[in-house]
Amino acid sequence: MELPLFTELKRRRVFRAVLGYGVAAFAVLQIVEPVMHGLHWPDVVLSWVVVALAAGLPVVVALAWIFDVNASGISRTASAQAHGARLTLLLVGVGLLAAAPAIVWVLLRSASGNTSKADAPSIAVLPFADLSPAHDQDYFSDGVAEEILTVLSNVDGLRVPGRASSFFFKGRNEAPAEIARMLGVTYLLEGSVRRDQARLRITAEVVKAATGERLWARRFDRELTDVFAIQDEIARAVVESLEGKLLGGRAGAPQPVPRTSPEAYNQYLLGERFYRRFSGENFVRAVAAYEKALELDSRFAPAWAALGVPLYLVATAADTQAEALATAEKAMAAAQKALLLSPDLCDGLSTRGFLRQVLRWDWTGAEQDLVRAVQLCPGDPDAWRRYAILLDNLGRTAEALAAAERAVDLDPLGHSAIKLGQLQLDAGKNAAARATFERAMQLTPDAQNAARGLADALLAQGESAAALERYRQAPGSPAGVEDGIAAALHSLGRSHEAHALLDELQAQPRPDPVALAHAYGWMGDRDKAFQWLDRAVADRDLTIGETEVRSFWFRSLHGDDRWKVFLRKMNFPQE
């Protein structure tokens, strides 16, 4: 038997009003979130929208109780006056109680988030200027700045943007306040290097970006006998200064860095410079420079760790599969050697963890390495980004997004944003992915991965014509985006052109099985999609283990029994 109040709520269509309000509120949130990201509004905007929507619930309940909407317009509900204001107030109270958890949660979350962000000190280490007479010490200048950045990024309670973001401003004339705004920091560490034969002069200063106030400054004049000793001295001086003025005494002593000869170190820095340019030709140059450093000092662990990823990237572009696998094995051996020399080297752990998943499909071992890496070096965006890739492959979507967002927070102008966009696409957050890629394109319009990601997001949103145009405008197009072009053509009803393009890809001496699986998966041709996925597994394809398994391209395959067989072949834990 229904209670009288329940019956009255049904008669007055209160439940219908609440349901309708819930649908409308959900639609509002779906619109606000991408607009907020696209316009770069602070996250607190979304929190207050949620609060406003929650606060509106009791109002809707009260209005639905009092008034009725019908074909003749809005009228007072029959017998509403008879029940009096007491029951109306009761309903408002019920609505408030229902909305209270959301309001309280958002307010507490917003307050705690704002407090932590305001209280947490933050500093960006900008590239040091080369003031040497011949202006030929650029690598050394970068090395000094990067070593200080590495030390500071592992100081508890201090937020330090990663190298890619800080070095984004190298050679630019941005105002300090604008740099701080883009990186989300309060303080900047700037410096210069002057190296003249055996003499070295390094100046460094910490300034408050908004006002230009100098917090700390120091000059170091030394004989150039031990580069690493000088870097250690500067890093310790900066940490000690920040400890008292920014960190409230929370900072620990910098960890000692591995030593090597100046010649080997210069080659290592040269390799870093080439690797950070992120192109096939420069990956080859980076490998040569790292190998030269190791010829000079075979026990220099950082060079072994740094060698692993560019070797893997060179392997993915090899002419034959046998050559690719042989080069990939060298990459794994380099990571193993780095950890043999220095078991807790963060770069070694994150590199081996990444290679364990893409080369070995060893998901357990990869997780052990990457968890250890982010524990030892929580300020390393590369470690967080690689951990996000692993979590996405394992189907732990929420954790993957959180790890990728952590990487972007640490390196807002670096390549982590592109990986975040890819994971957002995999999670079905197409609007958020589009906003992420659009921002990446604003910063690096010539980056193929950012252009490719934006085209993928447009395709996922159903804007196939715009996606096709973006694919064709991508740097280097059509190489590397043929699968996207074929998918867009198919979605536009131009299937004949799509199949003709795919036939050309299959006729190549070394067709890309993953790209072909992408296209056929999107087009709904499951047989051919699985045919090429099986080919990728049989060939031990080097890219299938890098954020491909959960890719949005393969959603049409998940309901097929062959999908579970495919996952078993790649050693995934059974779901």
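Just so it is clear, the structure is predicted and the values come from calculations on it, not from any experiment. (Residues numbered from 1 in each chain as written. Predicted model: local features only at pLDDT ≥ 70, side-chain atom pairs only at ≥ 80, totals over all residues. Heavy atoms only, no water.)

Q: Would you mind going over empty space enclosed by the protein with me for this structure?
A: Over the atoms a probe the size of a water molecule is rolled, and this reveals where empty space is left. Tallied over the entire structure, the rule returns one cavity of 30 Å³ or more. Of the pockets and cavities examined, the largest cavity occupies roughly 40 Å³. Taken together, Tyr139, Asp142, Gly143, Glu146, Arg163, Leu269, Glu272 and Arg273 make up the full set of residues lining the largest cavity. Going through the elements one at a time, helix H5 (138-153) and helix H9 (262-275) are the ones with two or more residues in the lining of the largest cavity. Looking at which element gives the most residues to the lining of the largest cavity, the answer is H5, with four residues. Partitioned by chemical class, the residues of the lining of the largest cavity number two nonpolar, one polar and five charged. (1 Å grid on protein atoms, 1.4 Å probe; cavity = no way out; pocket = protein on both sides within 12 Å on 5 of 7 lines; lining within 4 Å. Points joined across faces, edges and corners; volume = space filled by probe spheres on them. Helix = DSSP H or I, 4+ residues; strand = E, 2+ residues; numbered from the N terminus. Nonpolar A, V, L, I, M, F, W, Y, C, P; charged D, E, K, R; others polar.)

Q: Would you mind showing me how to read the state of the cysteines here?
A: Note on terminology: a disulfide is the covalent bond linking the sulfur atoms of two cysteines. Taken as a whole, this structure holds one disulfide when the rule is applied. Through a disulfide, Cys346 is tied to Cys377; the S-S separation comes to 1.8 Å. Residues Cys346 and Cys377 are joined through a disulfide that is right-handed, its torsion about the S-S bond being 75°. One end of the pair, Cys346, is in helix H13 (residues 346-360); the other, Cys377, is in the loop between helix H14 (363-376) and helix H15 (381-393), with 31 residues separating them in the sequence. Classification of Cys377 by relative accessible area gives buried; the value is 10%. (Disulfide = S-S within 2.5 Å. Buried < 20%, exposed > 50% of the residue type's maximum accessible area, 1.4 Å probe, protein only.)

Q: Is there a simple way to explain unusual backbone geometry in this structure?
A: Glycine aside, residues mostly have negative phi, and peptide bonds are mostly found in the trans state. In this structure, Arg540 takes a positive phi of about 55° despite not being glycine. Looking at where Arg540 falls in the secondary structure, it is placed in the loop between helix H24 (526-538) and helix H25 (561-569). Judged by relative accessible area, Arg540 falls into the partly exposed class, the value being 32%. Of note, the phi angle at Asn571 is positive, near 65°, even though the residue is not glycine. Given the relative accessible area of 44%, Asn571 is considered partly exposed.

Q: Sorry, what's going on with the environment of Glu482 here?
A: For Glu482, the location among the structural elements is in helix H21 (residues 482-491). Through-space distance from the C-alpha of Glu482 to that of Leu516 is 8.9 Å; in sequence the pair is 34 residues apart. Contacts of Glu482, omitting those with residues within four sequence positions, involve Leu501 and Leu505. Among the polar contacts listed, one links the side chain of Glu482 to the backbone nitrogen of Gly480, at a separation of 3.0 Å. (Contact = heavy atoms within 4.5 Å. Polar contact = N/O pair within 3.5 Å; in protein donor to acceptor, adjacent residues only side chain to side chain.)

Q: What is the right way to read the pairing of strand E5 (residues 187-196) from this model?
A: Taken residue by residue, a regular strand's side chains alternate between the two faces of the sheet. The buried count for E5 comes to seven of ten residues, which makes it a mostly enclosed element. Sheet topology places strand E3 (residues 123-125) next to E5; three bridges connect them, and they run parallel. Opposite Ala124, over in E5, you have Leu188 as the bridge partner. Alignment of strand E4 (residues 129-130) against E5, held across two bridges, turns out to be parallel. Counterpart to Ala129 in the pairing with E5 is Ser192. Bridge count between E5 and strand E6 (residues 199-208): ten bridges; the pairing is antiparallel. Residue Leu189 lies in a different strand from E6, and its bridge partner there is Val206. Counting the residues between successive antiparallel strands, the hairpin from E5 to E6 contains two residues, one of them, Gln197, with a positive phi of roughly 55°. (Pairing = 2+ DSSP bridges.)

Shape descriptors only; they carry no functional weight alone.
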